[in-house]
Amino acid sequence: MTLERPMFPPRREVETIEPFAMQDMFVASLVRVDRIGSVRRLVFAVPDGSDPDVPVRVVTARLVLPVEALAEIAAQLLDVPLDAGAGAFAPRGATVN
């Protein structure tokens, strides 16, 4: 072991398992984000077209997750490394102070 090449154990990927089948839920829009202490509840919906004269959305899913998970989700959606810094989330051409 040298300072240039420390010997760390190989990085292990976290194994993810699905112990039971979960139903997929289709969502078309994010209705709101509720702030509940250190967690956020994201409420998703789809449009209900049963009466074209009355626009209605039907909630199909609610996710409750820690605030830290939102940064991880954003990084995966934008396909940037989580440790890329705030500039990675800025719109193209924008500057970050």
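Here the structure is shown first, and the text comes after it.
Conventions and cut-offs
Residues numbered from 1 in each chain as written. Predicted model: local features only at pLDDT ≥ 70, side-chain atom pairs only at ≥ 80, totals over all residues. Heavy atoms only, no water. Helix = DSSP H or I, 4+ residues; strand = E, 2+ residues; numbered from the N terminus. Buried < 20%, exposed > 50% of the residue type's maximum accessible area, 1.4 Å probe, protein only. Contact = heavy atoms within 4.5 Å. Areas by Shrake-Rupley, 256 points an atom, 1.4 Å probe, with all protein chains shown as cover. Pairing = 2+ DSSP bridges. Axes fitted to C-alpha atoms, helices over the stretch in contact; angles between N-to-C directions. Polar contact = N/O pair within 3.5 Å; in protein donor to acceptor, adjacent residues only side chain to side chain. Core = buried A, V, L, I, M, F, W, Y, C linked by side-chain atoms within 4.5 Å. Salt bridge = Lys/Arg side-chain N within 4 Å of Asp/Glu carboxyl O. Patch = residues over 30% accessible without salt bridge, like charges linked within 9 Å, V, L, I, M, F, W, Y side chains within 5 Å.

Q: Just give me the short version of the overall build of the protein, but keep the residues and values in it.
A: What the protein contains, in helices and strands, is one helix and three strands. Each helix and strand of the protein, ordered N terminal to C terminal, gives the series β-β-β-α. The burial tally for the protein puts 11% of its 97 residues in the buried class. Pairs at least 24 apart in sequence give 21% of the contacts found in the protein among residues at least 6 apart. Counting every atom, the protein has about 9000 Å² of accessible surface; 57% of that belongs to carbon and sulfur.

Q: Would you mind going over the sheet that holds strand β3 (residues 56-66) in detail, with residue names and values included?
A: The strands that make up a sheet pair up through hydrogen bonds in the backbone, lying either parallel or antiparallel. What the three strands build is an open sheet, ordered β1-β2-β3; its pairing is antiparallel. The open sheet has two edge strands, β1 (29-36) and β3, and neither has a second partner. Taken pair by pair, the neighbouring strands of this sheet meet at an average axis angle of 20°, ignoring direction. The pairing of β1 with strand β2 (residues 39-48) spans seven bridges and is antiparallel.

Q: Describe the side chain of D34, and please don't skip the residues or the numbers.
A: With respect to the helices, strands and loops of the structure, D34 is situated in strand β1. A polar contact is formed between the side chain of D34 and the side chain of R32, at a distance of 3.1 Å. Here D34 is in contact with V39, R40, R41 and V43, once residues within four sequence places are set aside.

Q: With reference to specific residues and values, describe the nonpolar core.
A: In this structure, L42, F44, A61, L65 and A69 together form the largest nonpolar core, which totals five residues. For this core, the elements supplying multiple residues, two or more each, are β2 and β3. Once residues lying within four places of it in the same chain are set aside, the contact partners of L65 are V39, R40, L42, L70 and I73.

Q: Tell me about the pattern of salt bridges, and please be specific about residues and values.
A: Across all of its chains, the model carries two salt bridges by this definition. Across the salt bridge formed by D34 and R41, the nearest N and O atoms sit 3.0 Å from each other. The class of R41 is partly exposed, set by a relative accessible area of 28%. One continuous salt-bridge network, built from bridges that share partners, spans R32, D34 and R41.

Q: Summarise the pairing of β2; cite the residues concerned and give the values.
A: Relative to β3, β2 runs antiparallel, the two being bridged by ten bridges. Residue V39 lies in a different strand from β3, and its bridge partner there is P66.

Q: Talk me through a nonpolar patch on the surface; I want residue IDs and the actual numbers.
A: A surface patch of nonpolar side chains, about 200 Å² in accessible area, is lined by V54, V56 and V58. In this fold, V56 is placed in strand β3. Since its relative accessible area comes to 35%, V56 is described here as partly exposed.

Worth remembering: the numbers are spatial, not functional.
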